[in-house]
Amino acid sequence: MRHVIPYEDLKKVNSKFEEEINGAIQSVIDSGWYILGSQVERFENDFAKYLNVKNCIGVANGLDAMILTLKALDLPPHSEILVPSNTYIATILAIVQAGFKPILIEPDVSTYNIDPTLIDQKISSYTKVILVVHLYGNPCDMEAILNEAKKHQLYVVEDCAQSHGAKYQEQHMGTFGIAGCFSFYPTKNLGGLGDGGAIATNDDILAIKLRALRNYGSNKKYYNNFIGYNSRLDEIQAAILNVKLPYLDSLVSHKNRIAQLYLSKISDTYIKPQTSENSYHAYHIFAIRTNHRSELQKYLQNQGIGTEIHYPLPPHKQIGYQHLFSENYPISEVIHETILSLPCSTAIELKDVMYICDVINEFE
Ligand SMILES: Cc1ncc(COP(=O)(O)O)c(C=O)c1O
């Protein structure tokens, strides 16, 4: 029988936790308290402890985590936010939805993350924030980014939707800037069974404001200090995340073992991901690059191996967004044209990874 390895298998990923998840959901049902209850509070405390950060605020999804953060910073109208040209659309959308202007910065061609050496030339009197993305789970060069931020008096916000468990100089991503924004979309390293998100911050005042913003601008029932949103982390999702959080490090270790096998076994004719110094990659995604992407993808599909493309079209070329940008971003474009994500699920076994490496190396 043909060996089939899907790119991802969320049912299998979550089956390990099924009994505990069922118990957690039942306990929410039994509690009779379904919005902002003890499960959300416990998750916020435990995730803050995990990250080693003072505050964690649960919200409805990763996009909202960024929108609320940018809104809470009280930036002046027409503020410009520096953001990598190579990211998932949510990062750009958050800036636009918050009412600000995204200014794209090309990535480093080997880490795929924002190139800090290109920041200087994009600074204007309107620049207020650098919104970095630890793409695929690969930590950005935070030392260089923090230096640039200090030099130009900018906030740093981290999009950590793909980097749960990743570290830079032994410190968790999401704890370097004013705030770190997380998504718990089901495919993420820490994924719920629905939407979810959180903001991590060491700034107590910002945390109070974010707690209000996610809940109609209210810190006290029926009193509204801000024009807020309805963006609360759901109690059932929080209960599920409480089950999975203690396993996060072992899930990320498994992904690292998969990545190490790919890195050592796949032929050097492919461009393999590079990690910046002093970093621990979370390998949410393991992507290689090749000029023969569509042929390789088809070949792997025929051999029963699922792959994905993260992402086929850069933000500045998306129909809904192209009017926002006038420049070309050739590094981002070449990454988008050549990138291919290989299975790196916590549900796959190392022997499957060896098999995938053999199949890839036989492709000509
Ligand atoms: C880099 C990045 N930022 C933000 C998001 C948005 O997260 P969500 O889908 O929870 O809104 C995602 C994910 O889906 C993402 O990959």
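The coordinates are above.
Just so it is clear, the model here is predicted, and its values are computed rather than measured.

The rules behind the values
- Residues numbered from 1 in each chain as written.
- Predicted model: local features only at pLDDT ≥ 70, side-chain atom pairs only at ≥ 80, totals over all residues.
- Heavy atoms only, no water.
- Helix = DSSP H or I, 4+ residues; strand = E, 2+ residues; numbered from the N terminus.
- Rg over C-alpha atoms; globule rule 2.2 N^0.38 Å.
- Buried < 20%, exposed > 50% of the residue type's maximum accessible area, 1.4 Å probe, protein only.
- Contact = heavy atoms within 4.5 Å.
- Lys, Arg positive; Asp, Glu negative; His and termini not counted.
- Charge placed at Lys NZ, Arg CZ, Asp CG, Glu CD.
- Phe/Tyr/Trp six-rings, centres within 6.5 Å; stacked < 30°, edge-to-face > 60°.
- Near = heavy atom within 4 Å.
- Polar contact = N/O pair within 3.5 Å; in protein donor to acceptor, adjacent residues only side chain to side chain.
- Areas by Shrake-Rupley, 256 points an atom, 1.4 Å probe, with all protein chains shown as cover.
- Nonpolar A, V, L, I, M, F, W, Y, C, P; charged D, E, K, R; others polar.
- Axes fitted to C-alpha atoms, helices over the stretch in contact; angles between N-to-C directions.
- Parallel < 35°, antiparallel > 145°, perpendicular 65-115°, else oblique.
- Left-handed = near helix turned anticlockwise from the far one by under 90°.
- Pairing = 2+ DSSP bridges.
- Salt bridge = Lys/Arg side-chain N within 4 Å of Asp/Glu carboxyl O.

## Remarks on the overall build of the chain
Scanning the chain from terminus to terminus reveals 12 helices and 12 strands. For 364 residues, the compact-globule estimate of 2.2 N^0.38 gives 21 Å, and the C-alpha radius of gyration of the chain, at 20 Å, lies within 12% of that figure. Along the longest, intermediate and shortest principal axes, the C-alpha atoms of the chain span 65 × 55 × 40 Å. Buried positions account for 56% of the 364 residues belonging to the chain. A separation threshold of at least 6 residues defines the contact pool for the chain, and within that pool the share at least 24 residues apart is 70%. Positive and negative side-chain charges in the chain, numbering 31 and 40 respectively, have mean positions lying 4 Å apart.

## Topic: the packing of aromatic side chains
Within the structure shown, the criterion is met by 12 aromatic pairs. On the numbers, 5.0 Å between centres and 50 degrees between planes, the contact of F17 with Y247 is tilted. Pair noted here: F17 is in the loop between helix 1 (10-15) and helix 2 (18-31) and Y247 is in the loop between helix 8 (235-244) and helix 9 (248-265), with a separation of 230 residues, a long-range link. Here Y299 and F363 contribute two aromatic rings whose centre-to-centre distance is 5.0 Å and whose plane-to-plane angle is 40 degrees, an arrangement assigned as tilted. Linking Y299 in helix 10 (residues 293-302) with F363 in the segment after helix 12 (350-361), this pair joins segments that are 64 residues apart in sequence. Both residues of the pair, Y299 and F363, count as buried. Cluster of aromatic residues (ring-pair linked, three or more members): F43, F47, Y50, F182 and F184.

## A look at the site of the ligand
Taken together, 13 residues surround the ligand, and among them G62, L63, D159, Q162 and S183 come closest. Within the backbone of G62, a nitrogen or oxygen atom sits 2.8 Å from an oxygen atom of the ligand. One nitrogen or oxygen atom from the side chain of Q162 is found 2.9 Å from an oxygen atom belonging to the ligand. Considering the ligand on its own, with 390 Å² of exposed area, one finds that the protein chains cover 90% of that surface. Among the elements that make up the shell around the ligand, the one with the highest residue count is helix 4 (residues 62-72) (three residues). Among the residues forming the shell around the ligand, the class breakdown is seven nonpolar, four polar and two charged.

## Considerations on the environment of E18
With respect to the element layout, E18 can be found in helix 2. By relative accessible area, E18 is classed as partly exposed at 46%. In this structure the C-alpha to C-alpha distance between E18 and V243, which are 225 residues apart in sequence, comes to 9.7 Å.

## Structural notes on the packing of helix 3 (residues 38-51) against helix 8
For the pair helix 3 and helix 8, interaxial distance at closest approach is 8 Å and the crossing angle is 45 degrees. Relative to helix 8, helix 3 is oriented oblique. Judged by the twist between their axes, the crossing of helix 3 over helix 8 is left-handed. Here helix 3 contributes S38, Q39, V40, R42 and F43 to the contact with helix 8, which in turn contributes E235, A238, A239, L241 and N242. In terms of residue class, the contact of helix 3 with helix 8 is made up of five nonpolar, three polar and two charged.

## Regarding the environment of S332
Inspection of the secondary structure puts S332 in helix 11 (residues 330-338). Given a relative accessible area of 0%, S332 falls into the buried group. Each C-alpha atom of the pair S332 and C344 lies 23 Å from the other, and the pair is 12 residues apart in sequence.

## Here we look at the sheet that holds strand 6 (residues 167-168)
On the basis of which strands lie adjacent, the open sheet formed by three strands has the order 7-6-10 and antiparallel pairing. Where the open sheet ends on each side, the last strands, each with one partner, are strand 7 (171-172) and strand 10 (279-280).

## Details of the sheet that holds strand 1 (residues 55-59)
With mixed pairing, seven strands are arranged side by side in an open sheet as 1-9-8-5-4-2-3. Lying at the two open borders of the sheet, with one neighbouring strand each, are strand 1 and strand 3 (101-105). Each neighbouring strand pair of the sheet contributes to a mean axis angle of 25 degrees, computed without reference to strand direction. Strand direction decides the pairing type here: strand 2 (residues 80-84) and strand 3, joined by five bridges, are parallel. Across the sheet, the residue bridging to V83 is L104, located in strand 3. Packing of helix 7 (residues 204-213) onto the sheet brings it into contact with strand 1, strand 8 (179-183) and strand 9 (197-201), and relative to strand 1 it is tilted by some 20 degrees.

## Describing the pattern of salt bridges
This model, assessed by the stated rule, comprises 11 salt bridges. As a salt-bridge pair, K54 and D204 come within 3.1 Å of each other at their nearest N and O atoms. Highlighted residues: K54 in the loop between helix 3 and strand 1 and D204 in helix 7, separated in sequence by 150 residues. Relative accessible area serves as the criterion here: at 54%, K54 is assigned to the exposed category. According to the relative accessible area criterion, D204 is partly exposed, its value standing at 36%. In this structure, D120 and K151 form a salt bridge, with 3.0 Å as the shortest nitrogen-oxygen distance. Here D120, found in the loop between strand 3 and strand 4 (127-133), pairs with K151, found in helix 6 (residues 142-152); they are 31 residues apart in sequence, far enough to count as distant. Residue classification places D120 among the partly exposed residues on the basis of a relative accessible area of 38%. A single salt-bridge network, built from bridges that share partners, covers E44, R211 and R214.

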